[in-house]
Amino acid sequence: MRKPEKHILIIFGASGDLTYRKLIPSIFDLYNQNLLPEKFGVLGVGRSKLTNETFREKMGRGIENFSSRYKSEKSEKNDFLKMVQYYSFNTKDENEYNGFNDYLQKMDNQLNTDGNFIFYLATPPAMYSLIPQFLAQHNLNSEEKGFKRLIVEKPFGYDLQSAQELNAKLLEAFNENQIYRIDHYLGKETVQNLMVTRFANGIFEPLWNRRYIHHIEITSAEDIGVEGRGGYYEDSGAMRDMVQNHLMLLASLVAMEPPAVVDADSLRNEIVKVLQSLRPIPKDKIEEHVVRGQYTASTIKDKHIPGYREEKGVNPQSRTETFVAMKFFIDNWRWSGVPFYIRTGKYLPTRVTEVVIHYQKTPHHIFSHDENVKNEHNQLVIRIQPDEGILIKYNMKMPGGGFEVQNVNMDFHYRDLNNTYLPSAYERLLLDAMLGDATLYSRGDAVEAAWKFIDPVIKAWKSNPNIKMHGYPAGTWGPEESDKLIEDTKTWRYPCKNLEGDGEYCEL
Ligand code: BG6
């Protein structure tokens, strides 16, 4: 595999959780696979006053707890940590960037990295527009000597207007081709496989349109609550946290036209076309298209689960949604009239993300008069996580006399492949940014197009208190009302954490 050019990765917000849990463990995993350049360094930056030693100690614990490749070899971890440094300064204060720049230039001279810098913004979002401006004031955006790239974490804006403002601010300081907006879903191996399934096989794509597909369902369920992030989640809710980014992205990959080639421009052009074709949801028809819910207290396996409103940092009268189910249409030639259903929630019965393609029913049944059989759709289930794989549900004849028809499963599991290591999303995406490949990063116009679609729903929820917020007991599949969204089959697939399992009962 190609190795990135020499460079320094500068992480702003380095004393935070993301650096500890995801970034440093993923960089270590790249190191473990010999995918980092010879000349390389990580510079953690933050306001907390830490020394190189204390920072390394903490990052070492992050590696032990969260790396997928760490095998308790102390020497390997310590060798890696020697490449990691920490510099503390107040990133809000313009004047303090002189000192930071001096430190960075010295590090660059020592490591011989030729002014190649990647800046990673893992800070609170309020800093996303400030830091790039200050970097630009110190010429740290200029590619005259060495490349300069900027990785921006989610959330990318709070609504359409703030996303547009943020894009404009970033573009004052950096060019679009230097900006890498991260959506970790695109870093998932199985999400990328969605494109391979569609575009590297002859059997799926010819049927991938309104003539043969009845509807499409995308579920991203979590079996945990807000896990101490109540303060953040209160202002976010499931719509901003999961739908505007991850689920709209999944829907775009399912719906897009084949790109001419797989590169940053071609792929992202196709994604943005889908987002621009989303049919707006009328303000007065929100409840016909969107169901929102919030988990309430319940008991799961004899354990009391507090309701969302009892979580730390959450308003006891909160109207923040922890569940969203939504029906929408993509107005283009391929998808005209095909409903897309997406659903996500905290404290659902299991953790699962999957895309389900429901094919049209057979036009005429010769084997069965049973309405259930007649109404069945063949399904193609693309399992993103866990138990990654692909499942086809189709009908076959029961052995024996007559022609009794039964629905059966044909499945492929990633775990059946030999010696497959599924890299984590951050590992893949960090490596891509190091290689200068933005294909799996979101482009500004796509982020804005997704906001344009989602924003009116959030605004309607805010301005119209008559739009219902449904409670659902933690550990259930969300408000029953979400079933009413589904035309014809009248229900979602209720998946289990093992790919083939579905139905009413699910292991918790
Ligand atoms: C994050 C959200 O973007 O995605 C979290 O902020 C959510 O609330 C997480 O739990 C889900 O990611 P994954 O990879 O576990 O599906």
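Everything here concerns the structure above.
Here is what the cut-offs are and how they apply
Residues numbered from 1 in each chain as written. Predicted model: local features only at pLDDT ≥ 70, side-chain atom pairs only at ≥ 80, totals over all residues. Heavy atoms only, no water. Helix = DSSP H or I, 4+ residues; strand = E, 2+ residues; numbered from the N terminus. Buried < 20%, exposed > 50% of the residue type's maximum accessible area, 1.4 Å probe, protein only. Polar contact = N/O pair within 3.5 Å; in protein donor to acceptor, adjacent residues only side chain to side chain. Contact = heavy atoms within 4.5 Å. 1 Å grid on protein atoms, 1.4 Å probe; cavity = no way out; pocket = protein on both sides within 12 Å on 5 of 7 lines; lining within 4 Å. Points joined across faces, edges and corners; volume = space filled by probe spheres on them. Nonpolar A, V, L, I, M, F, W, Y, C, P; charged D, E, K, R; others polar. Near = heavy atom within 4 Å. Areas by Shrake-Rupley, 256 points an atom, 1.4 Å probe, with all protein chains shown as cover. Axes fitted to C-alpha atoms, helices over the stretch in contact; angles between N-to-C directions. Parallel < 35°, antiparallel > 145°, perpendicular 65-115°, else oblique. Left-handed = near helix turned anticlockwise from the far one by under 90°. Phe/Tyr/Trp six-rings, centres within 6.5 Å; stacked < 30°, edge-to-face > 60°.

Asker: What should I look at first to understand the side chain of Lys327 in this one?
Answerer: Position of Lys327 among the secondary structure elements: in strand β11 (residues 323-328). Judged by its relative accessible area of 11%, Lys327 is buried. Side-chain polar atoms of Lys327 contact the side chain of Glu487, separated by 2.5 Å. Excluding anything up to four places from it in sequence, Lys327 contacts Ile281, His289, Phe340, Tyr341, Leu485 and Glu487.

Asker: Teacher, can you tell me more about the environment of Arg383 here?
Answerer: Topologically, Arg383 is positioned in strand β14 (residues 379-385). When the C-alpha atoms of Arg383 and Leu499 are compared, they prove to be 6.9 Å apart, with 116 residues separating the residues in sequence. Sequence-distant contacts of Arg383, defined by excluding residues within four places in its chain, comprise Thr190, Val352, Thr353, Glu354, Glu388, Gly389, Arg493, Pro495, Cys496, Lys497, Asn498 and Leu499. Side-chain polar atoms of Arg383 contact the side chain of Glu354, separated by 3.0 Å.

Asker: What am I meant to see in empty space enclosed by the protein here?
Answerer: Empty space among the atoms becomes apparent when a probe as large as a water molecule is rolled across them. For the structure shown, the criterion picks out 1 cavity of 30 Å³ or more. For the largest cavity, the calculated volume is near 280 Å³. Considering the residues around the largest cavity, the lining is formed by 24 residues, among which Asp183, Asn245, Leu249, Ser442 and Val447 are closest to the centre. Among the secondary structure elements, those contributing two or more residues to the lining of the largest cavity are α8 (230-255), α9 (264-276) and α13 (444-463). Counting residues per element, the lining of the largest cavity draws most heavily on α8, at 5 residues. Counted by class, the lining of the largest cavity contains 13 nonpolar, 5 polar and 6 charged residues.

Asker: Would you mind showing me how to read the site of the ligand here?
Answerer: Neighbouring the ligand are 13 residues; Tyr185, Lys188, Glu222, Asp241 and Gln385 lie closest to it. The separation between an oxygen atom of the ligand and a polar side-chain atom of Lys154 is 2.8 Å. Computed on the free molecule, the ligand has an accessible area of 400 Å², of which 81% lies beneath the protein chains in the complex. Looking at the shell around the ligand, its residues break down into 3 nonpolar, 3 polar and 7 charged.

Asker: What's the story with the packing of helix α2 (residues 52-66) against helix α3 (residues 74-81) in this structure? I'm lost.
Answerer: When two helices pack together, their arrangement is captured by the angle between the axes and the distance separating the axes. Where α2 meets α3, the closest approach of the two axes is 10 Å, and the angle between their N-to-C directions is 130°. Of the possible angle classes, the one that applies to α2 and α3 is oblique. Where α2 crosses over α3, the handedness of that crossing is right-handed. Of the residues in α3, those in contact with Arg56, Met59, Gly60, Ile63 and Glu64 of α2 are Lys77, Phe80 and Leu81.

Asker: Would you mind showing me how to read the packing of aromatic side chains here?
Answerer: In this description, a pair of aromatic rings is defined by centroid distance and the angle of the planes. Following the criterion strictly, the structure yields 29 aromatic pairs and no others. Where Phe28 meets Tyr31, the ring centres are 6.4 Å apart and the plane angle is 40°; that geometry is what we call tilted. One end of the pair is Phe28 and the other is Tyr31, both in helix α1 (residues 17-32) and 3 residues apart, which spans about a single turn. For Phe28, a relative accessible area of 0% corresponds to the buried category.

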